[in-house]
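The lines below spell out each chain.
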Amino acid sequence: MQRIMIVEDNADLRTDLTEQVKVNGYEPIPVTDFERILEHFIEEKPDLVLLNVNLPFFDGYYWYRQIRQYSQCPVIYLDENENEPRMNLEIAGLKKDSKKNAAVKPFSNEALTAALRSQLASAYPKTDKK
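Criteria and cut-off values
Residues numbered from 1 in each chain as written. Predicted model: local features only at pLDDT ≥ 70, side-chain atom pairs only at ≥ 80, totals over all residues. Heavy atoms only, no water. pLDDT = per-residue confidence, 0-100. Contact = heavy atoms within 4.5 Å. Helix = DSSP H or I, 4+ residues; strand = E, 2+ residues; numbered from the N terminus. Buried < 20%, exposed > 50% of the residue type's maximum accessible area, 1.4 Å probe, protein only.

Peer 1: Looking at this model, I keep getting lost on the confidence of the model for the protein chain. Mind explaining?
Peer 2: Regions with low pLDDT should not have their predicted coordinates read in detail. Per-residue confidence for the protein chain averages 81 on the pLDDT scale, and 75% of its residues sit at or above 70. Throughout residues 83-87 the model reports pLDDT below 50, and contacts reaching past four residues in sequence, or to other chains, amount to 15 contacts. The model gives residues 95-104 a pLDDT under 50, and that stretch makes 17 contacts with residues more than four places away or in other chains.

Peer 1: Is there a simple way to think about the environment of Y77 in this case?
Peer 2: Checked against the element boundaries, Y77 lands in strand 4 (residues 75-80). Residue classification places Y77 among the buried positions, given a relative accessible area of 5%. Spatially, the C-alpha atoms of Y77 and L50 are 6.0 Å apart, while their sequence positions differ by 27 residues.

Below, the structure is given as structure tokens:
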């Protein structure tokens with residue numbers, strides 16, 4: 001079972017994301033200690049990270065750079081839009097103007113599922129053995 005690390009400081013959103021990840025057949029790894037995100041990452045070895053950009057102590061971009069020193073696993077940013085009380089799902093590393101892998105929050109379970117599946121399939125392609 002693929003494991004999804006959820007780094008979100010809003011407890012309600014973290015709970016919702018945890019449930020959505022579970023329902024979609026992935027193992028959620030919710031993080032609540034925002035000073036030790038890298039330690040959790042190294043210990044848990046997730047297959048993908050849902051990473052809020054606006055976190056206490058250090059922002060998600062800082063943690064993304066730290067994670068990249070240890071792994072190339074996919075990271076999906078949860079980023080609040082300054083102009084609207086909504087959030088974006090954005091694939092880390094894509095250009096800001098790319099809308100291909102973005103959805104606004106409250107994003108649907110379908111949008112989250114599609115983003116997770118797409119990124120996991122790209123990062124961990126299945127090989128056909130004949």
